[in-house]
Amino acid sequence: MIARAFSARSLLQDRTLGRIALGLVFLVPLFLFYGRAIADGLISSTAILFLVRSRLQHDWSWVRRPWVPFAGALWLLILVASVAAGPVHSMLEALVMIRLLLFCAALESWVLVSPQRRNWLGVVMAAMTVWLIFECWQQYLTGHNIAGFPRWPDGSLTGPFFKPRAGGTFLVLLFPGVMPFVLILIQSEKWRLRVAGGGVLAFLFITMVLIGQRMPSLLMLLGLAIGALIVRRFRIPVLVAFTAGIAVLLALPVISPPTYGKLVVETAKNLSNFPASPYGLLYTRAVVMVIHHPWLGLGFDGFRDFCSNPIYFHGLRAYGIPTAIHQGLGGCNLHPHNYYLQIATAAGLSGLVLFLVMIGLWFIRVAGSLAPRRAPQQAALFLALCCNFWPIASTSSLFTLPTAGWVFLTVGWALAASSRRGATENLFDLKQSRVAGLAPSRIATPD
């Protein structure tokens, strides 16, 4: 009887902690929009609750997940490199970096194990996507968003934000929040629903083009292209969306000249002499720093702290990149604007190897459960991961919010949806949608 009472109490504690953690996770996307410090507190609280729950339930099975040891080793290596480099702020930031990895593990192994919870999180993301789209179009059509802020001087639509953050935010919301519904429509047996799905897809891509941020537009196109490879019925809608996007791009000199200048003119200028462009300067400086510190790196904030050291003011003659244009502070910033270069400057090539193995294990897990017909949300999360970790991209800092919040939220969510149970249970399962005419007459093997 005492054992039963203890078991019931333990179950009650687990449910209570789980509901609290779920509430925190549902609030994370909102505060990644408008209060990154609060979002950081929510993520940190979820990580702490996860450790408390593991201790109370004597359940440390999540530590045996294949990616966790590599994540832990990467964290320790960045911490050691930060201590060796010296700056106290870098050591402290490296120390608390583990909260992001624990948050990801909590989502996978605890908070989002239930398919119902994953789908409600999808509804939250979809609602926020609609809000962002509405604000972008309001700003485009009226000149101001709801807060009265105009579009950015370079033509970028800021949507619900003051600064041009709409493109990157739209990208991270789009695939987990809206793409599952688009996949359901496009895979329907009713041609009207398929046409509607294609229309929504074209509208989404046109919106991204009008937002006027280059890298999010290219990464969205990448995600759609990968989706077309894994879902046969997705190919024609993607082609239609791409054609619509090109048409809008060609019309930009008339409908939005500043956006044309940003997307086309400035891009052509940067690519014509990439080593001398702002991104070329950053990437070259990061590579030079890695060459000087190949094994341990310079710690969590190594790039920001040491990129102004004249020892790194040279080009890469072996690759035809001259030294003259790489002298001075032109190659300095808060981070090198690429996840892989950021890891390499922080923890050296050994840290980069750990990082590659970790994300490789993530992709193996998620790709191994792909079933776009049966579990469109899981397939959409796979596309989101492809966009997040595409190596040839300009990015924000991987371990700084809001980017870190979106990335690790998506990863933990994708891993939870790709578990043995998650891959077979989904409220967006097309088998359950036949009454609404959204499902095929038979469930085929994954496209």
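Residues numbered from 1 in each chain as written. Predicted model: local features only at pLDDT ≥ 70, side-chain atom pairs only at ≥ 80, totals over all residues. Heavy atoms only, no water.

Turning next to the state of the cysteines. With the rule as written, the count across this model stands at 1 disulfide. In this model, C307 is linked to C332 through a disulfide, with the two sulfur atoms separated by 2.3 Å. Its S-S torsion of approximately 140° makes the covalent link between C307 and C332 right-handed. With C307 in the loop between α14 (302–306) and α15 (339–367) and C332 in the loop between α14 and α15, this residue pair connects regions lying 25 residues apart in the sequence. For C386, which is in no disulfide, the shortest distance to another cysteine sulfur is to C387 and amounts to 6.8 Å. (Disulfide = S-S within 2.5 Å. Helix = DSSP H or I, 4+ residues; strand = E, 2+ residues; numbered from the N terminus.)

Mean pLDDT over the protein chain stands at 87; residues scoring 70 or higher make up 91%. This stretch, residues 430–447, has a pLDDT under 50; its non-local contacts, to residues over four places away or in other chains, come to 39 contacts. (pLDDT = per-residue confidence, 0-100. Contact = heavy atoms within 4.5 Å.)

Tracing the sequence through the fold places T158 in the loop between α6 (115–142) and α7 (166–177). Of note is the side chain of T158, whose polar atom sits 2.8 Å from the backbone oxygen of F161. Once residues lying within four places of it in the same chain are set aside, the contact partners of T158 are Q139, N145, P150, W152, K163, P164 and A166. (Polar contact = N/O pair within 3.5 Å; in protein donor to acceptor, adjacent residues only side chain to side chain.)

Turning to helix α2 (residues 36–57), a few remarks are in order. The α-helix winds at 3.6 residues per turn, so residues separated by three or four positions along the chain end up facing the same way. Spanning 22 residues, α2 covers 31 Å between terminal C-alpha atoms, matching the ideal 32 Å at 1.5 Å per step. The complete set of buried residues in α2 reads A39, L42, I43, T46, A47, L49, F50, R53 and S54. Taken end-on, α2 shows its buried residues confined to a sector of 160°, consistent with a single buried face. Away from the buried face of α2 by more than 90 degrees, exposed residues A37, I48 and R55 are located. Positioned one or two residues after α2, H58 has a phi angle of 50°, which is positive. (Expected span 1.5 Å × (residues − 1). Buried < 20%, exposed > 50% of the residue type's maximum accessible area, 1.4 Å probe, protein only. Arc of directions from axis to C-beta.)

With that settled, the discussion passes to a nonpolar patch on the surface. Together, V80, W295, L296 and L349 make up a nonpolar patch on the protein surface, roughly 390 Å² of accessible area in all. Position of L296 among the secondary structure elements: in the loop between α13 (278–292) and α14. (Patch = residues over 30% accessible without salt bridge, like charges linked within 9 Å, V, L, I, M, F, W, Y side chains within 5 Å. Areas by Shrake-Rupley, 256 points an atom, 1.4 Å probe, with all protein chains shown as cover. Salt bridge = Lys/Arg side-chain N within 4 Å of Asp/Glu carboxyl O.)

What follows covers the environment of V200. Within the fold, V200 resides in helix α9 (residues 191–211). Judged by relative accessible area, which is 31%, V200 ranks as partly exposed. Taking C-alpha positions, V200 is 10.0 Å from I186, a pair spaced 14 residues apart along the chain.

Take the nonpolar core next. Here is a general trend for soluble globular proteins: nonpolar side chains tend to be buried in one another's company. The biggest cluster of nonpolar side chains holds 119 residues, and the ones touching the most others in it are M179, F234, F389 and F408. It is α15 that contributes the most residues to this core, 12 residues altogether. Aside from chain neighbours lying at most four places away, what touches F389 is Y339, Y340, F355, I359, W362, F363, V407 and V411. Judged by nonpolar contacts, the second largest core, of 12 residues, contains L298, Y312, L316 and I321. (Core = buried A, V, L, I, M, F, W, Y, C linked by side-chain atoms within 4.5 Å.)

Two elements in contact, α7 and helix α16 (residues 376–388), have axes separated by 7 Å at closest approach and are oriented at 160°. When the axes of α7 and α16 are compared, the pair comes out roughly antiparallel. Of α16, the residues touching α7 (which contributes L171, V172, F175 and P176) are A380, L381, L383, A384, C387 and N388. When grouped by side-chain class, the residues that make up the contact of α7 with α16 number 9 nonpolar, 1 polar and no charged. (Axes fitted to C-alpha atoms, helices over the stretch in contact; angles between N-to-C directions. Parallel < 35°, antiparallel > 145°, perpendicular 65-115°, else oblique. Nonpolar A, V, L, I, M, F, W, Y, C, P; charged D, E, K, R; others polar.)

Turning our attention to the pattern of salt bridges. Across all of its chains, the model carries 9 salt bridges by this definition. Residue E108 pairs with R365 through a salt bridge whose shortest N-O separation is 2.7 Å. Taken as a pair, E108 in helix α5 (residues 98–111) and R365 in helix α15 lie far apart in primary sequence, 257 residues in all. A residue is classified by how much of its surface remains accessible, and R365, at 22% relative accessible area, is partly exposed. A salt bridge links E266 to R214, with the shortest nitrogen-to-oxygen separation between them at 3.6 Å. One end of the pair, E266, is in helix α12 (residues 257–272); the other, R214, is in helix α10 (residues 214–230), and 52 residues separate them in sequence. For E266, a relative accessible area of 33% corresponds to the partly exposed category. For R214, a relative accessible area of 17% translates into the label buried.

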